[in-house]
Amino acid sequence: MALDTFADIINAACARIGEQPVQDFDDDLGGGQSALLIYEEVVDFNLGLQPAGFSFGREVRQLSLVSGKTAFTGYAYVFDVPGPYTGTPVFLTDDPTDPRRRYTDFLLTAGQVHAQDNPLYAMVKFRPDPHRWTATFRSATITAIAAHLAYAIASKSSDRDDLLRIAYGNAADNFRGGQMRAALFEDGFSNPPRPMAMDDNPLTNAWRS
């Protein structure tokens, strides 16, 4: 059975703690609404454990120019970051064809980007559907959701603590141990850090323009 939807993930978590699957996510009498809220909170938290974004939960998007708005900061353009997204952009670029190119002359304020150039692009983090998750991230997330459901539905605080330890490790691990460590390692191998761009300086940039 493929775990492709939020309902699949929640019900897999219910199975972990021996609870019946949720039938209706619009009805809180059976815990459906509460389970959905727990799902969204846990997934967003887990995605945030990778500051640069998990590779399956980020993509490059062109910023949306806000027409008719004058930037009080003195920049020429104001942009919206296209949603949906979680957190601030990982980086900005004015050349999406160059993976090393970074744009730094901007100000992020009130959720908008003020800059001197147009167009601009941003690497944006978002909440992907479960079918895009890696197996390690899926397992860690199901375990973490099961921990919260164990307390919210079954009032089993000891089960919650045990499952959270499996998902994230001990307190000293800062939520990056247990199953989540495997998910972070896997993503790190698939998305290694790039070497520092030594040619990203004012002289080289002026020569390029």
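Residues numbered from 1 in each chain as written. Predicted model: local features only at pLDDT ≥ 70, side-chain atom pairs only at ≥ 80, totals over all residues. Heavy atoms only, no water.

Draft legend 1. Local environment of the overall build of the protein. When helices and strands are counted, the protein shows six helices and seven strands. Listing the helices and strands of the protein from first to last along the sequence gives α-α-β-β-β-β-β-β-β-α-α-α-α. Out of the 209 residues belonging to the protein, those deemed buried represent 36%. Restricting to contacts in the protein with at least 6 residues of sequence separation, those with at least 24 account for 66%. Taken as a whole, the protein presents about 11800 Å² of accessible surface, with 54% of it coming from carbon and sulfur. (Helix = DSSP H or I, 4+ residues; strand = E, 2+ residues; numbered from the N terminus. Buried < 20%, exposed > 50% of the residue type's maximum accessible area, 1.4 Å probe, protein only. Contact = heavy atoms within 4.5 Å. Areas by Shrake-Rupley, 256 points an atom, 1.4 Å probe, with all protein chains shown as cover.)

Draft legend 2. Up close: the nonpolar core. Core analysis: the largest hydrophobic core is formed by 34 residues, its most contacted members being Ile10, Phe54, Phe137, Ile145, Leu149 and Met180. At the level of secondary structure, the elements contributing two or more residues to this core comprise α1 (6-16), α2 (32-48), α3 (135-152), α4 (157-168) and α5 (178-190). The dominant element in this core, judged by the number of residues it contributes, is α3, at nine residues. Excluding residues that lie within four positions of it along the chain, Phe137 makes contacts with Val43, Asn46, Leu47, Phe54, Phe56, Met180 and Ala183. In this structure, Phe79, Leu92, Val113 and Leu120 belong to the second largest nonpolar core, which totals 10 residues. (Core = buried A, V, L, I, M, F, W, Y, C linked by side-chain atoms within 4.5 Å.)

Draft legend 3. Structural view of the packing of aromatic side chains. Taken as a whole and judged by the stated rule, the model has 11 aromatic pairs. Ring plane angle 85° and centroid distance 6.1 Å describe the contact between Phe45 and Tyr168, whose orientation is recorded as edge-to-face. Of this pair, Phe45 sits in helix α2 while Tyr168 sits in helix α4, and the two are 123 residues apart along the sequence. Residue class for Phe45 comes out partly exposed when judged on its relative accessible area of 39%. Against the face of Tyr151 rests Arg160, its NZ or CZ located 4.3 Å from the ring centre. (Phe/Tyr/Trp six-rings, centres within 6.5 Å; stacked < 30°, edge-to-face > 60°. Lys NZ or Arg CZ within 6 Å of the ring centre and 35° of its normal.)

Draft legend 4. Region of the structure containing the sheet that holds strand β7 (residues 121-125). Spatially, three strands are ordered β1-β7-β4 in an open sheet, and the strand pairing comes out antiparallel. Single-partner strands in this sheet number two, and they are β1 (58-62) and β4 (91-93). Between one strand and the next, the sheet's axes are offset by a mean angle of 30°, whatever the strand orientation. (Pairing = 2+ DSSP bridges. Axes fitted to C-alpha atoms, helices over the stretch in contact; angles between N-to-C directions.)

Draft legend 5. Seen up close, the side chain of Arg61. Checked against the element boundaries, Arg61 lands in strand β1. Among the polar contacts listed, one links the side chain of Arg61 to the side chain of Glu59, at a separation of 2.8 Å. At a separation of 2.8 Å, a polar atom in the side chain of Arg61 contacts the main-chain carbonyl oxygen of Pro84. Setting aside residues no more than four positions away along its own chain, Arg61 makes contact with Pro82, Gly83, Pro84, Tyr85, Tyr121, Ala122, Val124 and Phe126. (Polar contact = N/O pair within 3.5 Å; in protein donor to acceptor, adjacent residues only side chain to side chain.)

Draft legend 6. Spatial organisation of the sheet that holds strand β6 (residues 112-115). A sheet is described by the order of its strands in space; here four strands give the open sequence β2-β3-β6-β5, paired in antiparallel fashion. Each of the sheet's edge strands pairs with one partner strand only, and the pair in question is β2 (64-65) and β5 (106-109). Of the strand pairs in this sheet, strand β3 (residues 77-80) and β6 are connected by four bridges, and their pairing is antiparallel. By the bridge assignment for β6, Tyr77 is matched with Ala115.

Draft legend 7. Fine view of the pattern of salt bridges. Scanning the entire structure with this criterion turns up eight salt bridges. Across the pair Arg61 and Glu59 runs a salt bridge, and its minimum N-O distance is 2.8 Å. On the basis of relative accessible area, Glu59 is assigned to the partly exposed category, the value being 31%. A salt bridge links Arg100 to Asp98, with the shortest nitrogen-to-oxygen separation between them at 3.9 Å. Note on Arg100: relative accessible area 47%, which makes it partly exposed. It is possible to trace a salt-bridge network through shared partners that takes in Glu40, Asp44 and Arg127. (Salt bridge = Lys/Arg side-chain N within 4 Å of Asp/Glu carboxyl O.)

Draft legend 8. Region of interest: the packing of α3 against α4. With their axes 8 Å apart at the nearest point, α3 and α4 run at an angle of 165° to one another. The angle between α3 and α4 falls in the class roughly antiparallel. Taken as a pair, α3 and α4 cross one another with a handedness that is left-handed. Where α3 abuts α4, its residues Ala140, Thr143, Ala144, Ala146, Ala147, His148, Ala150 and Tyr151 lie against Ser157, Asp159, Arg160, Leu163, Leu164, Ile166, Ala167 and Tyr168. (Parallel < 35°, antiparallel > 145°, perpendicular 65-115°, else oblique. Left-handed = near helix turned anticlockwise from the far one by under 90°.)

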